[in-house]
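Fold and geometry: a report
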Amino acid sequence: MKPTCSVCHKNKFEIQPDRWVCGNSLCLSSIHHEDAACPECGVKPVQLIGELSCGVAFYLCQNGHEFSQMAKPVPELYRIAWTTKKDQD
C-alpha cells in the first residue's frame with residue numbers, strides 16, 4: 001500500500017528508493033512547492049492561492065505577502081504517470 005500525503009491525503013509517489021513525495025500540484029506540501037519562499041522575507045508559504053496551467057503558482061506567506069513563482073517541474077513524476085497510464089492501456 002502506498003503512503004499518503006498528510007495534508008491532501010492523496011497517494012505519494014516513490015521517485016527514488018525510499019523517497020516518497022506528494023505529486024498533487026494543488027497541495028502546498030507537494031514536491032512542486034518545496035522550494036517556494038517569499039522573495040520579501042524568505043519564509044515558506046502558508047497558503048497556495050492559485051496556480052496557472054503554465055506552472056506559475058501564487059502563494060501567501062505567513063507575513064501576509066502575496067507572491068508568485070514557477071512551480072518546480074518534476075520529471076520523475078511525469079515518467080511515473082506516463083508509465084502507469086501506458087500500463088493501464
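Anyway, here's the lowdown on the structure attached to this text. (Residues numbered from 1 in each chain as written. Predicted model: local features only at pLDDT ≥ 70, side-chain atom pairs only at ≥ 80, totals over all residues. Heavy atoms only, no water.)

**Let's talk about the sheet that holds strand 4 (residues 56-61)**
- The 3 strands lie next to each other as 3-4-5, forming an open sheet whose pairing is antiparallel. Strand pairing shows two members of the sheet lacking a second neighbour, strand 3 (45-51) and strand 5 (66-70), which therefore form its edges. Direction aside, the axes of adjacent strands within the sheet are offset by 35° on average.
- Sheet topology places strand 3 next to strand 4; 5 bridges connect them, and they run antiparallel. Residue pairing in the sheet places Pro45 in a bridge with Cys61 of strand 4. (Pairing = 2+ DSSP bridges. Helix = DSSP H or I, 4+ residues; strand = E, 2+ residues; numbered from the N terminus. Axes fitted to C-alpha atoms, helices over the stretch in contact; angles between N-to-C directions.)

**Points about the environment of Ser68**
- Within the secondary structure, Ser68 sits in strand 5.
- For the pair Ser68 and Pro39, spaced 29 residues apart in sequence, the C-alpha separation works out to 9.2 Å.
- Aside from chain neighbours lying at most four places away, what touches Ser68 is Val56, Ala57 and Phe58. (Contact = heavy atoms within 4.5 Å.)

**Some thoughts on the state of the cysteines**
- Under the defined criterion, the tally for this structure stands at 0 disulfides.
- Cys27 forms no disulfide, and the closest cysteine sulfur to it belongs to Cys5, at a distance of 3.8 Å.
- Residue Cys27 is classed as buried on the basis of its relative accessible area, which comes to 3%. (Disulfide = S-S within 2.5 Å. Buried < 20%, exposed > 50% of the residue type's maximum accessible area, 1.4 Å probe, protein only.)

**Some remarks on the nonpolar core**
- Of all hydrophobic cores here, the largest spans 7 residues; its members are Ala36, Cys38, Leu48, Ala57, Tyr59, Cys61 and Phe67.
- No other element matches strand 4, which puts 3 residues into this core.
- Non-local contacts of Phe67, meaning those with residues more than four positions away in its chain, are made with Ala37, Cys38, Pro39, Pro45, Ala57, Phe58, Tyr59 and Cys61.
- One finds Ile15, Ile31, Val74 and Leu77 within the second-largest nonpolar core, a separate group that totals 5 residues. (Core = buried A, V, L, I, M, F, W, Y, C linked by side-chain atoms within 4.5 Å.)

**Re the environment of Gln69**
- One can find Gln69 in strand 5.
- For Gln69, a relative accessible area of 26% corresponds to the partly exposed category.
- Each C-alpha atom, one on Gln69 and one on Ala57, is 5.5 Å from the other, the two residues being 12 residues apart in sequence.
- Ignoring sequence-local partners within four residues, the contact set of Gln69 consists of Asp35, Ala36, Ala37, Gly55, Val56, Ala57 and Tyr59.

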